[in-house]
Amino acid sequence: MGVYRDLGKNFDEWFDWIVKEAEVYDYGRYPIKGMGVWLPYGFKIRKNLIELMRNLLDATGHEEILLPLLIPDNILAKESEHVHGFEDQVYWVTHGGLTPLDIKLALRPTSETPLSYLESLWIKSYKQLPKKYYQFVSVFRYETAATRAMIRVREVTTFKEAHTLHSTFEDSERQVAEAVEIYSSFFRELGIPFTISKRPEWDKFPGAVYTIAFDTLMPDGKTLQIGTVHNLGRSFTIAFNVWIHMPDGSMDYGWQTSYGISERVVATLISIHGDSTGLRLPFKYAPIQVVIVPIPAGPEEVRREIVELCGRILEKLRADGVRSVIDDREDMTPGDKFYYWERRGVPLRLEVGPKEVQGRIITVVRRDNRIRTSIKLEELTEAVKIIGIEYDKAIKNESMEAFSKHVVRTSSLEEARNFIEGNVVEAPWCGRTSCATEVELKIGGKALGTPLKISESEVEGLKCVHCGDRAKTFMRYSRRY
C-alpha cells in the first residue's frame, strides 16, 4: 500500500506531482488562492465517485435537489450557534454591478439555513415525513490556514450534502444510523479504510447536537476527516419555525440531520492506493480500465495485423462495457507508454505484439503487482473482468490490513506519546473535557472522538490516562490535518 510503503516522507511532493502529472487537478495556478480546476481525467474520477454515492442515496429514498448558491444575510444569521461557527469563513456579495445590495448575500458555506427556511414552507404534516434531500454543489469557505489541493480549499467543488427532516427524535437517530451505514458502504467499496468517531463536544458541527466523523490515515501519518454525520436536533427547526402537524393533532418542531463528503474522497483514493510510480485506481471506478498497447515489430504485414488485432480487441471490450483505449502514438516507445498509463493508475494493460498475433494469446499486466498473465483471445473479455475483480480485492485488502496496524490501543500516557506519530491512538478516558485537552498537549496530538460502540468489558478496570479515575470509554488521538 502506497500509504505505508514508500510515500510517507515525501508525500507532499508526491501528491502535488501526481495530481499534475496524471492530469487530475490543476492547483495553485488559478489566480485565486484555494481554488483548483478539475482536468478531464480527474473529472472522470470525480464523476464515477459521485455516481457511486448518488446510487447509494437514491437506493435509500433520498431525493436530489439543487438550491441557490446565494444565501441572504438574514437567513444565514437566524441560527446563532451556526452562524458564529462560520462567521470568519463566509464570502459576502455586497453589490449587484455598481449598486449596493439592501441585504448582503453569502456564498453558500453549507445549506442548513436556507433549506430549513424552505422546509417551513414545504412541510406541514408528519405524513410528509421523513424527507431526505441531497445535492452535489460548490461551497465556499475562507480558509485562513494553508490551503492544499482537494484537501483544504476555499471552494469545495464536490460537496455532497444531505439534509433530512423527521417528526421524532427517535426517527432522526435512525437516520443517523442509516447515514453512517451509507458512508461505511461507500468507503469500503473504494477500499478506503476509516475510523468512525463521535466528535468531542468542543469539536462538533456548529448547531448540532452531536457530530460523527469518518477519518482515515494519510501517507504522512496525519488523519484526514473524509465524512461527517450530524444530528441537528431542533436548532434550525425552532429558528425557522418548521412546525409539524403531529398524529395526535398537536403541533411541534421537526428534527433534522445532515451529512456530507467532499473532494477529499478523491484525494484520499489517490493517496491510499498510490505508489511511487503514480495512481493505482480501483478497476470498477477507473475512468480507463484497460489500455491496449501495440508492440510494433517485424515486417509491415505483421505490424498491420497487430494494429488490426488491437482494434478488434478494443471493439469487443467496449461492447462488453469495459472502458478501454488503444495507445497507438507513434512518437513514444512501448516502455514510455507503460509508464504513462501506470502514472494514471489504469488497472490493466494489454500488450499486443507479434507473438500475441501468432499465438492468439494476449498478455495482461496488472497495475498493482505487475503480474503478467497470458489469456486466450477468445476468453479475453471475461478474463479481464475477473482479473479486474481480483485486482480491486487485492488493493482493498492491502489498504485495510495496513491501516489496522496503525490503530493502536494503549492504557499508558507514555505509550500514547510514543505511538502518536503516524498512528491513531486510543487511550482510556474518564469523559472530562479537561483530561482530553491535557492529553492533547502532553502527547502532541488532537482528539478525534470516541468509538461509537464500546462494551463495558473493553474498559473494565481501565483508568483515564490523565487523571487516573475510572475510564468510561476511549478517546482517539492523532496528528490531524
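Residues numbered from 1 in each chain as written. Predicted model: local features only at pLDDT ≥ 70, side-chain atom pairs only at ≥ 80, totals over all residues. Heavy atoms only, no water.

> Give me the lowdown on the sheet that holds strand β18 (residues 361-366), citing residues and values where you can.
Strand order across the open sheet formed by 5 strands is β16-β15-β17-β18-β19, with mixed pairing between neighbours. Of all strands in the sheet, those with a lone pairing partner are β16 (324-326) and β19 (372-376), marking the two edges. Taking each pair of neighbouring strands and ignoring which way they run, the sheet shows an average axis angle of 25 degrees. Relative to β18, strand β17 (residues 348-352) runs antiparallel, the two being bridged by 4 bridges. When the sheet's bridge partners are listed, arginine 349 is paired in β18 with valine 365. Against the sheet, helix α13 (residues 380-404) engages β15 (290-294), β17, β18 and β19, with an angle of about 15 degrees to β18. (Pairing = 2+ DSSP bridges. Helix = DSSP H or I, 4+ residues; strand = E, 2+ residues; numbered from the N terminus. Axes fitted to C-alpha atoms, helices over the stretch in contact; angles between N-to-C directions. Contact = heavy atoms within 4.5 Å.)

> Which residues make up the domain arrangement of the protein, and what values do they have?
Domain annotation for the protein reports domain 1 (11-273), domain 2 (288-387) and domain 3 (407-478). Taking the mean C-alpha position of each, domain 1 and domain 2 sit 41 Å from one another. Across the boundary between the two partners, domain 1 contributes 7 residues, which contact 7 residues of domain 2. Buried area between domain 1 and domain 2, summed over both chains or domains, comes out near 540 Å², and the portion from carbon and sulfur atoms is 45%. Between domain 1 and domain 2 we count 2 salt bridges in total. (Domains from an automatic or database assignment. Buried area = accessible area lost by both parts, 1.4 Å probe. Salt bridge = Lys/Arg side-chain N within 4 Å of Asp/Glu carboxyl O.)

> Would you mind going over the pattern of salt bridges in detail, with residue names and values included?
Throughout the structure, instances matching the rule amount to 34 salt bridges. Between glutamate 178 and arginine 174 there is a salt bridge, with its nearest N and O atoms 3.8 Å apart. Here arginine 174 and glutamate 178 lie together in helix α7 (residues 169-190), a separation of 4 residues that amounts to about one turn. Accessibility expressed as a relative area gives 34% for arginine 174, which makes it partly exposed. Beyond isolated ion pairs, a larger network of salt bridges with shared partners links Glu342, Arg349, Glu351, Arg370 and Arg372. (Buried < 20%, exposed > 50% of the residue type's maximum accessible area, 1.4 Å probe, protein only.)

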